[in-house]
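Chain by chain, the residues run as shown.
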Amino acid sequence: MANRELTPREKVILNYIVQEFITTATPVGSRYLVRKYNLNLSPATVRNVMADLEDLGYIWHPHASAGRIPTDKGYRFYVDNLLEVSDLSEAEKETIKKCCKKQK
């Protein structure tokens, strides 16, 4: 499959895969995504999207029955296009300052 722009559905699923893999460090399955994020899709539909993302090089799976893992290309797309960065609240800043002072 040639490089092309990802569809909105592919972006959503890739976003969830990367977030879950960062959090759990385990391959992410279609059924898990459908349940956790209340997707109005069947696990089979999510698997088809995952197969497309794999063909495009954004994810891979370590063996046939495993969930998917982001590739370097998948992480790069996540950071450049999907990651939402916001400023820290004053409370978060204070917590960080307190933690840093304790370590000195």
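For the structure itself, look to the data block above.
Residues numbered from 1 in each chain as written. Predicted model: local features only at pLDDT ≥ 70, side-chain atom pairs only at ≥ 80, totals over all residues. Heavy atoms only, no water.

> Teacher, can you tell me more about unusual backbone geometry here?
Most peptide bonds take the trans configuration, and most residues that are not glycine carry a negative phi. Positive phi values are uncommon outside glycine, yet Ala25 reaches one of about 60 degrees. Summarising the element assignment, Ala25 is placed in the loop between helix H1 (8-24) and helix H2 (30-36). Judged by relative accessible area, which is 59%, Ala25 ranks as exposed. If you check the backbone angles, Asn38 has positive phi at about 50 degrees while not being a glycine. Along the polypeptide, Asn38 turns up in the loop between H2 and helix H3 (43-55). On the basis of relative accessibility, which here comes to 61%, the residue Asn38 falls in the exposed class. (Helix = DSSP H or I, 4+ residues; strand = E, 2+ residues; numbered from the N terminus. Buried < 20%, exposed > 50% of the residue type's maximum accessible area, 1.4 Å probe, protein only.)

None of the figures reported here should be taken as evidence of function without further support.
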